[in-house]
Amino acid sequence: MRTALVLGIDPHTVPGMDGDALRAVLDGELGRFAAHGIDASMTLIEPDERAEPTVVAALAERAWDVVVIGGGIRKPVPLLTFFELIVNLVRRHAPGAAIAFNTSGGDSVEAALRHL
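Keep in mind the model is a prediction, meaning the values are calculated, not measured.

Enquirer: Would you mind showing me how to read the nonpolar core here?
Expert: A general tendency of soluble globular proteins is for nonpolar side chains to be buried together. Leu7, Leu59, Val67, Ile73, Phe82 and Ile86 are the most contacted members of the largest nonpolar core, which totals 20 residues. Among the secondary structure elements, those contributing two or more residues to this core are β1 (2-9), α2 (51-60), β3 (66-69) and α4 (80-93). Sorting elements by how many residues they give to this core places α4 first, with five residues. When neighbours within four sequence positions are excluded, Ile73 is seen to be in contact with Leu7, Gly8, Ile9, Ile45, Leu79, Phe82, Phe83 and Ile86.

Enquirer: Looking at this model, I keep getting lost on the pattern of salt bridges. Mind explaining?
Expert: If charged atoms from side chains of opposite charge come close, those side chains can pair. The tally for this structure, following the rule as stated, stands at six salt bridges. The closest approach of N and O atoms between Arg32 and Glu110, which form a salt bridge, is 2.6 Å. Here the residue Arg32 occupies a position in helix α1 (residues 19-35), and Glu110 occupies one in helix α5 (residues 108-113), the gap between them amounting to 78 residues. Measuring nitrogen to oxygen at the nearest pair gives 2.5 Å for the salt bridge that ties Asp48 to Arg50. Of the residues examined, Asp48 reaches a relative accessible area of 23% and is grouped as partly exposed. Three or more residues are tied together by salt bridges with common partners; here these are Glu29, Arg32 and Glu110.

Enquirer: It is not clear to me how the side chain of Ser108 should be interpreted in this structure. Could you clarify?
Expert: The residue Ser108 is located in helix α5 in this model. When neighbours within four sequence positions are excluded, Ser108 is seen to be in contact with Val6, Glu29, Phe33, Val68 and Asn102.

Enquirer: Please clarify how the environment of Glu110 should be interpreted in this entry.
Expert: For Glu110, a relative accessible area of 36% translates into the label partly exposed. Sequence separation between Glu110 and Ala100 is 10 residues, and the spatial gap between their C-alpha atoms is 9.4 Å. If we skip the residues at most four places from it in the chain, Glu110 touches Glu29 and Arg32.

Thresholds applied
Residues numbered from 1 in each chain as written. Predicted model: local features only at pLDDT ≥ 70, side-chain atom pairs only at ≥ 80, totals over all residues. Heavy atoms only, no water. Core = buried A, V, L, I, M, F, W, Y, C linked by side-chain atoms within 4.5 Å. Buried < 20%, exposed > 50% of the residue type's maximum accessible area, 1.4 Å probe, protein only. Helix = DSSP H or I, 4+ residues; strand = E, 2+ residues; numbered from the N terminus. Contact = heavy atoms within 4.5 Å. Salt bridge = Lys/Arg side-chain N within 4 Å of Asp/Glu carboxyl O.

Here it is, written out as structure tokens:
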């Protein structure tokens, strides 16, 4: 079975965002992965000192076919150095995985499928 890891910002930590609503979208996305025959896992992080060990642990869980990095990590300009950290962690700790980028919490499957 193909495998995918989705890395994203925990929506409950973003000021002004309805964390419960976005989390429901993200959980629905995991169901869509299963419908495509992809064994997927999601790791939600905050851009702080706990992110690196959390991401490394998630990457070490298994050999991933693709790692999808969410827009919440990639898009905000103030998080550029955090985005670079995450990309380089994936490159070092999951060197066999393709790296994909979604545009929202609702298109992670499509991002992964581009590389599977």
